[in-house]
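# Overview (structure and organization)
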Amino acid sequence: MTKEQTWSQRFESALHPAIARFNASINFDIELIEYDLTGSQAHAKMLAHTSIISQEEGEQLIAGLEQVRQEYRQGKFQPGVDAEDVHFAVERRLTEIVGDVGKKLHTARSRNDQVGTDTRLYLRDQIQQIKSQLREFQGVLLNIAEKHVETLIPGYTHLQRAQPLSLAHHLLAYFQMAQRDWERLTDVSRRVNISPLGCGALAGTTFPIDRHYTAKLLNFDNIYANSLDGVSDRDFAIEFLCAASLIMVHLSRLAEEVILWSSEEFRFVTLKDSCATGSSIMPQKKNPDVPELVRGKTGRVFGHLQAMLVIMKGLPLAYNKDLQEDKEGLFDTVNTVKASLEAMTILLGEGLEFRIQRLAEAVTEDFSNATDVADYLAARGVPFREAYNLVGKVVKTSIAAGKLLKDLTLDEWQQLHPAFAPDIYEAISPRQVVAARNSYGGTGFAQVHEALIAARAQVGEDSE
Ligand code: ARG
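Residues numbered from 1 in each chain as written. Predicted model: local features only at pLDDT ≥ 70, side-chain atom pairs only at ≥ 80, totals over all residues. Heavy atoms only, no water.

This is how it is decided: UniProt positions are given in the numbering used here, feature names are shortened, and annotations may be inferred rather than shown by experiment.
Taking an unreviewed UniProt entry as the reference, the chain is identified by name as Argininosuccinate lyase belonging to Nostoc paludosum FACHB-159. Its UniProt record gives the chain the following Sequence similarities (unreviewed entry) comment, quoted word for word: "Belongs to the lyase 1 family. Argininosuccinate lyase subfamily." Regarding the chain, the relevant UniProt record gives this comment under Pathway (unreviewed entry): "Amino-acid biosynthesis; L-arginine biosynthesis; L-arginine from L-ornithine and carbamoyl phosphate: step 3/3."

In structure tokens form, the structure reads like this:
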């Protein structure tokens with residue numbers, strides 16, 4: 001871009017081409033163009049409303065900006081590096097279309113409050129999209145959970161068999177994580193949806209602008225109270241990156257479980273061909289690429305959060321060009337979270353099948369009913385710690401004898417403690433072990449039924 005087209009006459013020579021490339025953000029901030037146009041149209045309308053420009057000029061600017069939008073959508077407007085950034089690109093094209101009046105658009109505005117406005121409009125939109133994707137993901141979890149209340153799956157602590165669970169209960173844990181993710185985004189939105197437009201370069205403007213008017217046109221809930229803060233705040237982006245990181249934490253945990261479950265060691269799920277890939281050399285292989293990619297992409301989202309925090313650390317007031325670096329990580333985070341949510345929703349919804357038979361076997365092949373033996377005695381008056389020690393002993397001798405607890409004879413039980421009666425066998429059957437955990441929020445079937453009803457209500461009530 002030549003000096004006449006961008007900065008003031010103070011500049012005598014054009015930028016070095018390599019520096020122009022280094023300085024330019026158009027290659028990535030073009031992503032903001034729709035929001036830039038909308039923000040500029042609101043600004044133009046406000047300029048006319050406050051008589052800073054005439055009504056007619058306002059209308060010309062708004063119509064011209066609309067034409068830029070159409071040209072962009074039709075692929076006819078493709079600004080290059082010479083435009084520096086999306087804001088200059090739009091203003092330049094507008095001026096080509098409407099003539100000199102185009103040069104009035106930037107009255108009482110700076111690119112600093114402009115880019116802040118664009119980024120918030122973009123993020124507000126993207127958050128809404130991610131929230132509805134979270135709802136779809138939750139819906140799929142609920143559908144599977146409803147089918148598997150009575151399907152049992154080993155539950156783990158330390159990745160060691162601990163106690164059997166209702167598969168629905170296991171899946172509902174992820175539903176609840178997603179619910180908090182959804183709520184977190186709702187909360188973040190409140191601080192994204194504040195207008196910096198009219199903060200000017202840093203200090204406000206000499207023109208009698210109406211910031212509330214533009215905020216209302218753009219559906220912002222509020223306006224920044226301090227102009228310096230308005231142009232340099234990126235808390236809203238950091239908060240979003242935190243919320244996005246937590247979404248990825250949750251997806252990566254589920255992804256890891258699917259990877260484990262699909263392995264030969266677990267065999268809890270089968271991956272369908274539509275969501276698994278083969279190996280280029282080992283013909284027998286079916287790889288869980290989708291959850292592996294989700295697990296891997298989590299790292300890159302965390303990286304963007306870290307980068308944004310470091311960009312902001314120690315940054316003096318107000319705008320500094322460092323802030324141009326906020327965009328690529330933010331855009332990549334949005335795209336990564338959306339792609340990961342979509343892939344995991346498809347994977348769960350149609351890409352994997354639980355192996356019911358194998359799961360039924362899995363819950364009978366271990367000592368995950370040992371706590372229930374201790375509980376059995378404790379319910380019959382034996383102090384729990386004493387009962388716990390007795391059961392520890394019987395687990396040890398059973399392992400040595402190659403037996404499971406269900407294989408012990410009543411005699412053996414009664415030698416251990418006279419309180420054992422024939423109903424011990426029922427008490428330690430996997431189904432009963434699960435059913436008995438009927439405390440609020442537990443895996444007991446009655447609890448899980450209630451939890452499913454509550455979950456349906458959660459997504460029904462406040463879905464947006
Ligand atoms: N492309 C710039 C950015 O993304 C726009 C704001 C430029 N402001 C300035 N004072 N140079 O941050």
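Further notes follow.
## A closer look at the pairing of strand β2 (residues 160-166)
What counts here: Two strands qualify as a pair provided DSSP detects at least 2 bridges between them. Secondary structure elements follow DSSP: runs of H or I no shorter than four residues count as helices, runs of E no shorter than two count as strands, and numbering proceeds from the N terminus.
Of the pairings in the sheet, the one linking strand β1 (residues 152-157) to β2 comprises 6 bridges and is antiparallel in character. Note on β2: the bridge partner recorded for Tyr156 is Arg161.

## Comments concerning the UniProt feature "domain: Fumarate lyase N-terminal" (unreviewed entry) in the chain
In the numbering used here, UniProt assigns the "domain: Fumarate lyase N-terminal" (unreviewed entry) feature to residues 10-303. With 61% helix and 7% strand, the stretch residues 10-303 has end C-alpha atoms that lie 40 Å from each other.

## Some words on unusual backbone geometry
Quick note on the threshold: Accessibility here uses a 1.4 Å probe with only protein chains present; expressed as a share of the type maximum, an area under 20% marks a residue as buried, one over 50% as exposed, and anything in between as partly exposed.
In this structure, Ala318 follows Leu317 across a cis peptide bond, with omega equal to -5 degrees. Of note, His158 is a non-glycine position whose phi angle comes to about 55 degrees, a positive value. Positionally, His158 belongs in the loop between β1 and β2. For His158, a relative accessible area of 75% puts it in the exposed group. Despite not being glycine, Arg267 shows a phi value in the positive range, around 55 degrees. Secondary-structure assignment places Arg267 in the loop between α10 (235-261) and β5 (269-271).

## Thoughts on the packing of aromatic side chains
Basically, it comes down to this: Only Phe, Tyr and Trp rings take part, Trp by its six-membered ring, and two of them pair if their centres are within 6.5 Å. Stacked means planes under 30 degrees apart, edge-to-face means over 60, and tilted covers everything else. Two conditions define a charge sitting above a ring: the NZ of Lys or the CZ of Arg must be within 6 Å of the ring centre, and it must be within 35 degrees of the ring normal.
Applying the stated rule across the entire model yields 8 aromatic pairs. Ring plane angle 85 degrees and centroid distance 5.9 Å describe the contact between Tyr35 and Tyr122, whose orientation is recorded as edge-to-face. Of the two residues, Tyr35 is situated in helix α3 (residues 33-49) and Tyr122 in helix α6 (residues 111-147); the sequence distance between them amounts to 87 residues. The exposure classification of Tyr35 matches that of Tyr122, with both residues buried. Relative to Phe268, the ring of Phe266 has its centre 5.3 Å away and its plane inclined at 85 degrees; by these criteria the two rings are edge-to-face. The same class applies to Phe266 as to Phe268, namely buried. Following the ring pairs from residue to residue traces out a cluster consisting of Tyr35, Tyr122 and Phe331. Between the NZ or CZ atom of Arg385 and the centre of the ring of Tyr388, over which it lies, the distance is 4.5 Å.

## Observations regarding the pattern of salt bridges
To keep things clear, this is the line we draw: Salt bridges, as used here, are contacts in which a Lys or Arg side-chain nitrogen is within 4 Å of a carboxyl oxygen on Asp or Glu.
Enumeration according to the criterion identifies 32 salt bridges in this entry. Asp187 is the salt-bridge partner of Arg190, the closest N and O atoms lying 2.7 Å from each other. Of this pair, Arg190 and Asp187 are both found in helix α7 (residues 167-192), 3 residues apart, which corresponds to roughly one turn of the helix. Residue classification places Asp187 among the partly exposed residues on the basis of a relative accessible area of 32%. Linking Arg295 and Glu256 is a salt bridge whose minimum nitrogen-to-oxygen distance equals 2.4 Å. Within this pair, whereas Arg295 is found in helix α11 (residues 289-312), its partner Glu256 is found in helix α10, the two being separated by 39 residues in sequence. For Arg295, a relative accessible area of 35% puts it in the partly exposed group. The exposure class of Glu256 is partly exposed, given its relative accessible area of 29%.

## Some details on α3
Since the α-helix advances by 3.6 residues per turn, residues separated by three or four positions end up pointing in the same direction. Stated formally: Working rule for helices: expected span equals 1.5 Å times residues minus one.
Counted at 1.5 Å a residue, the expected span for α3 with its 17 residues is 24 Å, and the 24 Å between its end C-alpha atoms agrees. Where burial is concerned, most of α3 is hidden: 13 out of the 17 residues are buried. Positive phi appears at Ser51, one or two residues downstream of α3, with a value of about 60 degrees.

## A closer look at the site of the ligand
We apply this condition: Here, proximity means that at least one heavy atom of the residue falls within 4 Å of the molecule or strand. Here a polar contact is taken to be a pair of N or O atoms separated by no more than 3.5 Å, where protein atoms must pair a possible hydrogen donor with a possible acceptor and residues adjacent in sequence count only if both atoms sit in side chains. Throughout, the Shrake-Rupley method with a 1.4 Å probe supplies accessible areas, and for residues the shown protein chains are the sole cover considered. Residue type decides the class: Asp, Glu, Lys and Arg count as charged, Ala, Val, Leu, Ile, Met, Phe, Trp, Tyr, Cys and Pro as nonpolar, and the leftover types, Gly among them, as polar.
Every residue close to the ligand is listed here: Ser25, Asp29, Asp85, His87, Arg111, Asn112, Val115, Tyr319, Gln324 and Lys327. Contact distances for the ligand include 2.8 Å between a nitrogen atom and a side-chain N or O atom of Asn112. At a separation of 2.6 Å, an oxygen atom of the ligand approaches a polar side-chain atom of Lys327. Relative to its unbound accessible area of 340 Å², the ligand is 87% covered by the protein chains. Looking at the shell around the ligand element by element, the count peaks at 3 residues for α6. Counted by class, the shell around the ligand contains 2 nonpolar, 4 polar and 4 charged residues.

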